[in-house]
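Here is what each chain is made of, one letter per residue.
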Amino acid sequence: MSLPLEGRSAIVTGAGRGLGRAEALELARLGAAVVVNDFGQPGRDGSGAASATPAEEVAAGIRAAGGRAVAHTGDVADHQQARELVELAVAEFGQLDILVNNAGILRDRMIFSMSEDEWDSVIRVHLKGHFNTTHFAAAHWRARSKAADAPVYGRIVNTSSEAFLAGSAGQPNYAAAKGGIVGLTTSTALALAKYGVTANVICPRARTRMTADVFAGFQEPAGDGSEDRLDPLAPEHVAPLVGYLASPAAAQVNGQLLVVHGGMVAVVERPWVAAKFDTKQDAFTYDELDALLTPHYADRPTGETFAAAEVLGLKHE
């Protein structure tokens, strides 16, 4: 019996640790040949010297288990290095079929305290990094589709965050980058559909190096015979969804946003129009807007915004 991703090749960025590592291992388990990308800096804020070790160890583990994998240790936020990443996948495996964008850093600060560098660096790694790899993968698929005069197989899985959905107050740079990734994904989904390519975005919740302090108060299973249970915040809860979205079974899933963690997947609907107001004149005046909008918002709950903070309460039942 063949595996769902047998004969396919994939890139997973930020795959040396945490979520990316779990995703790379899952894609390999499902039969894909994997390019394991990780810049290898030890600090979750992107600090420290780059290292080839994390990516090489994951690639070696995949090969030891009988799979195919190579390491790439470049910085996906660098346009040329992102090009080289896609070129490596094509050179090693003949073509690229799957792109999973996961690489990221954190530099948390309140908006009034955040420095320009703290803003720029997070936007660069998350949003520009997603763009760079997507750009070169999209060009590869478009060229193949035109040469074949037919759609090709292409899957993009991007990584957003509940910080974007819920409006994380201490992460304006991260929330903005993750919101931008959603916009990038939906635009890409519409642009590439005719070439046979899908693009979807996940908002995962997991205990990783980046979130160790965030989830420090959430106990891992232990002590009462539950030590064999999977940590509810383990990255392995997220990886199967990535494998599914990368597979032929998800051909009709495109431009979608899904929240995933702890044995739960939630499909998030697009925004809807809650109210609409029309001017009675040629154009709105201040007084007319005051008469329409002020009563509309008067009875809304204090603190309610466009952010969907209720997603933070989602859990496996």
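Residues numbered from 1 in each chain as written. Predicted model: local features only at pLDDT ≥ 70, side-chain atom pairs only at ≥ 80, totals over all residues. Heavy atoms only, no water.

Engineer: Give a detailed account of the pairing of strand 6 (residues 197-204), specifying residues and quantitative values.
Structural biologist: Most of strand 6 sits inside the fold, with eight of its eight residues counted as buried. Residues of strand 6 alternate between two faces, with Val197, Ala199, Val201 and Cys203 on one and Thr198, Asn200, Ile202 and Pro204 on the opposite face, all of them buried. Of the strand pairs in this sheet, strand 5 (residues 154-159) and strand 6 are connected by six bridges, and their pairing is parallel. If you follow Asn158 over to strand 6, its bridge partner there is Val201. (Buried < 20%, exposed > 50% of the residue type's maximum accessible area, 1.4 Å probe, protein only. Helix = DSSP H or I, 4+ residues; strand = E, 2+ residues; numbered from the N terminus. Pairing = 2+ DSSP bridges.)

Engineer: Which residues make up a nonpolar patch on the surface, and what are the values?
Structural biologist: Taken together, the side chains of Phe284, Leu289, Leu293 and Tyr297 define a hydrophobic patch exposed on the protein surface, amounting to about 350 Å² of accessible area. Position of Tyr297 among the secondary structure elements: in helix 8 (residues 286-298). (Patch = residues over 30% accessible without salt bridge, like charges linked within 9 Å, V, L, I, M, F, W, Y side chains within 5 Å. Areas by Shrake-Rupley, 256 points an atom, 1.4 Å probe, with all protein chains shown as cover. Salt bridge = Lys/Arg side-chain N within 4 Å of Asp/Glu carboxyl O.)

Engineer: If you had to explain the side chain of Arg205 to someone new, which residues and values would you point to?
Structural biologist: Within the element layout of this structure, Arg205 appears in the loop between strand 6 and helix 7 (239-245). Overall, the relative accessible area of 15% leaves Arg205 in the buried class. In this structure the side chain of Arg205 is engaged in a polar contact, spanning 3.4 Å, whose partner is the side chain of His261. (Polar contact = N/O pair within 3.5 Å; in protein donor to acceptor, adjacent residues only side chain to side chain.)

Engineer: Account for the packing of helix 3 (residues 79-93) against helix 4 (residues 116-148), naming residues and giving values.
Structural biologist: At a minimum axis distance of 8 Å, the contact between helix 3 and helix 4 shows a crossing angle of 45°. As judged from the angle between their axes, helix 3 and helix 4 are oblique. In this structure, helix 3 meets helix 4 at a crossing whose hand is right-handed. Judged by residue contacts, His79, Ala82, Arg83, Leu85, Val86 and Val90 of helix 3 engage Phe131, Asn132, Thr133, His135, Phe136, Ala137 and His140 from helix 4. (Axes fitted to C-alpha atoms, helices over the stretch in contact; angles between N-to-C directions. Parallel < 35°, antiparallel > 145°, perpendicular 65-115°, else oblique. Left-handed = near helix turned anticlockwise from the far one by under 90°. Contact = heavy atoms within 4.5 Å.)

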